[in-house]
Amino acid sequence: MKILFLDSPAFAKEDMLEAFCECGIECTLFFHEAYHQRQDAAYEQAFDMAVSKENFDFVFSFNYFPILSSCCKRHHLKYVSYVYDSPLVSLYSYTLINDCNYVFLFDKTTYLKFKNAGIPTVYYLPLAANTKRLASLKTPKELAEKLRSDVSFVGSLYNEDHNLFEQLTDLPDYTRGYLDAIMTVQQKLYGSFLLEDLLHPEIVKDLQNSVPYTPMSDGTEPAAYVYANYFLARKISSNERISLLHRLSEEFRLNLYSHKPSPQIPKARFMGTADYYTLMPLIFQNSAVNLNITLKSIYSGIPLRCMDIMGCGGFLLTNYQADFFDYFLPEEDFIFYESEEDCLQKTRHYLSHESQRRQIAQNALGKMKEQHTFVHRVREILSILP
């Protein structure tokens, strides 16, 4: 079997290529800089040339790209998309209904939203980890002490200068207050995403007047979806992460791996960014507690960060995410918290109960090896393709 693999930037790309190879699938890499465009003549020409050279069984990409779907439709090629981002506005392209598509979504709530709307081309598929690669990585002695921590967090604080929420500078006082109120509620709420439904037309009109949004040329996305998921959810996640990390750093040795430090977390050890393949697994292996604070626009899915933590044999403490309970057992494979106070209490408990902590981490690693590698996911994809 031969496939054309879109060589776009993506976490776990090398792991997926390795999984395809292990399943006997030969991958030909394809790249063109216009892969994010909805229409582009040069991209289409490059694709036509690539598929004219060999007979491919299907085309694969991480995340969904409408232009790739359109190209596959013209050539009567199956297009397999494995989505690990949420939100992903490209899912609202009318091309999603192309019958060449097999779009695998890691977030069950997102999957059900499209499936229940009558879209037959979507499937639910959680993310995975390359447990073989992760097990092969060993921490050099000189690096171990630097990485060792009570708690570590790897991820963005969403405090970069280009934060979309900060561009909403001229909102009416009522609208500003309304947004502050619903964002405060959403920050404390796990298991349900309310923001999009709470952005009624008058509020959306004010948002449009401040920072106008026009749907993509082939898009059907509501403006409320964009404002809720790209503007508000990221700001809420920033507030939530900074608040929780501040409190944890006041009590524990906390290492923060992120793009930009925050003056609101002065006691955290800011470590800069961590390379996904070489450093991040070592962080997970050398941290007593690996914290996950999920981006609010991931409604129920298990983030890739969590799969990597468990796939490393690391101990995972995460906010509540419903999809975990389809595959893992709380207090046996992972620990979840329901509030800041709960997170602090559970951190204290598991830092003082090392044997429990190590047993939970080993339980999760065993399940990852048995059920949740990228090889397992490739086999699931192949079982669905005709």
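Note that this is a predicted model, so its numbers are computed, not measured.

Engineer: Give a description of helix H4 (residues 108-116) that names residues and reports values.
Structural biologist: What H4 keeps buried is the set Thr110, Tyr111 and Phe114. Projected onto a plane normal to the axis of H4, the buried residues spread over an arc of 100 degrees and lie on a single side. For H4, the N-terminal capping position is held by Asp107, with its side-chain oxygen 3.1 Å away from the main-chain nitrogen of Thr109. After H4 finishes, the residue Gly118 shows a positive phi value of roughly 90 degrees.

Engineer: Go over the packing of aromatic side chains with me, naming the residues and quoting the values.
Structural biologist: Tallied over the full model, the rule gives 33 aromatic pairs. Measuring from centroid to centroid gives 5.4 Å for Tyr35 and Phe65, while their planes differ by 80 degrees, and the two rings are edge-to-face. Placement of the pair is Tyr35 in the loop between strand S2 (26-30) and helix H2 (41-53) and Phe65 in the loop between strand S3 (58-62) and helix H3 (66-74), with a sequence separation of 30 residues. This pair shows no difference in class: Tyr35 is buried, exactly as Phe65 is.

Engineer: Tell me about the sheet that holds S2, and name the residues and values.
Structural biologist: The six strands lie next to each other as S2-S1-S3-S4-S5-S6, forming an open sheet whose pairing is parallel. Of all strands in the sheet, those with a lone pairing partner are S2 and strand S6 (122-124), marking the two edges. With direction set aside, neighbouring strand axes in the sheet form an average angle of 25 degrees. In terms of strand pairing, strand S1 (residues 2-6) meets S2 through five bridges, oriented parallel.

Engineer: Run through the environment of Asp206, naming residues and quoting values.
Structural biologist: Structurally, Asp206 can be placed in helix H9 (residues 201-210). Separated by 34 residues in sequence, Asp206 and Pro172 place their C-alpha atoms 7.5 Å apart. With residues near it in sequence (within four places) discarded, Asp206 still touches Leu171, Pro172 and Thr175.

Engineer: For the pairing of S1, give the residues involved together with the corresponding values.
Structural biologist: With four of its five residues buried, S1 lies for the most part within the structure. Handedness of the crossover joining S1 and S2 through helix H1 (residues 13-22): right-handed. Pairing of S1 with S3 involves three bridges; the strand directions are parallel. In the sheet register, Leu4 faces S3, and the bridge partner there is Val59.

Engineer: Tell me about the sheet that holds strand S11 (residues 316-319), residues and numbers included.
Structural biologist: The six strands are arranged S9-S8-S7-S10-S11-S12 in an open sheet whose pairing can be described as parallel. Two strands lie at the open edges of the sheet, namely strand S9 (269-270) and strand S12 (335-337), each paired on one side alone. With four bridges joining them, strand S7 (residues 149-154) and strand S10 (residues 287-292) adopt parallel strand pairing. The partner of Ser152 across the bridge, within S10, is Asn290.

Engineer: Any chance you could break down the nonpolar core for me, citing the residues and the numbers?
Structural biologist: Here is a general trend for soluble globular proteins: nonpolar side chains tend to be buried in one another's company. Among the nonpolar cores identified, the biggest contains 60 residues, and Tyr43, Phe47, Leu91, Leu179, Leu199 and Leu232 are the most heavily contacted of them. Top contributing element to this core by residue count: helix H10 (residues 223-251), with 11 residues. Here Leu91 is in contact with Tyr64, Val83, Leu96, Val103, Leu105, Thr110 and Phe114, once residues within four sequence places are set aside. Met16, Tyr82, Tyr257 and Val378 belong to the second-largest nonpolar core, a separate cluster that totals 53 residues.

Engineer: Can you explain H3? Please cite residues and give values.
Structural biologist: Among all positions of H3, only Pro66, Ile67, Leu68, Ser69, Cys71 and Cys72 are buried. Looking at the buried positions of H3, the neighbouring elements they touch are S1, H2, S3, strand S4 (78-83) and strand S5 (101-105). Just past H3, the residue His76 takes up positive phi, approximately 55 degrees.

Engineer: Summarise unusual backbone geometry; cite the residues concerned and give the values.
Structural biologist: Of note, the amide linkage connecting Ser86 to Pro87 takes the cis form, showing an omega dihedral of 10 degrees. Secondary-structure assignment places Pro87 in the loop between S4 and S5. The residue Tyr158 is not glycine, and still its phi comes out positive at about 50 degrees. As for its placement among the helices and strands, Tyr158 is situated in the loop between S7 and helix H7 (173-188). Residue Tyr158 is classed as buried on the basis of its relative accessible area, which comes to 16%. The backbone of Glu331 shows a phi angle near 70 degrees, a positive value even though the residue is not glycine. The exposed category is assigned to Glu331, whose relative accessible area is 63%.

Engineer: Please set out the side chain of Asp333 residue by residue, giving values where relevant.
Structural biologist: Tracing the backbone through its elements, the reader meets Asp333 in the loop between S11 and S12. A polar side-chain atom of Asp333 sits 2.7 Å from a polar atom in the side chain of Lys367. The residues touching Asp333, leaving out its near neighbours within four places in the chain, are Met310, Phe328, Ile360, Asn363, Ala364 and Lys367.

The rules behind these values
- Throughout, residues of each chain are indexed from 1 in the direction in which the sequence is written.
- In view of the model being predicted, local features appear only for residues whose pLDDT reaches at least 70, and side-chain atom pairs are presented and counted only at 80 or more, with totals across whole chains, interfaces and linings using the full set of residues.
- Side-chain calculation: all heavy atoms of the structure are included, whereas hydrogens and water are not.
- Exposure categories follow from relative accessible area, calculated using a 1.4 Å probe and restricted to protein chains: below 20% of the type maximum is buried, above 50% is exposed, and the middle band is partly exposed.
- Runs of H or I in DSSP of at least four residues are treated as helices and runs of E of at least two as strands, each being numbered from the N terminus.
- To be clear, the arc concerns the directions from the helix axis to the C-beta atoms.
- For this analysis, a polar contact is any N or O atom pair within 3.5 Å, provided that within protein one partner can donate a hydrogen and the other can accept it, and provided that sequence-adjacent residues contribute only side-chain to side-chain pairs.
- We call Phe, Tyr and Trp rings a pair once their centres come within 6.5 Å, taking the six-membered ring for Trp, and we label the pair stacked below 30 degrees between planes, edge-to-face above 60, and tilted otherwise.
- Any two strands are treated as partners once DSSP identifies two or more bridges connecting them.
- Axis lines are fitted through C-alpha atoms, for helices just across the contact stretch, and the angle between N-to-C directions can take any value from 0 to 180 degrees.
- Every residue pair with non-hydrogen atoms within 4.5 Å of one another is taken to be in contact.
- Every crossover in which the path from the first strand over the helix to the second runs clockwise, viewed with the strands pointing away from the viewer, is termed right-handed.
- Throughout, nonpolar core names a set of buried Ala, Val, Leu, Ile, Met, Phe, Trp, Tyr and Cys residues whose side chains join them through atoms within 4.5 Å.

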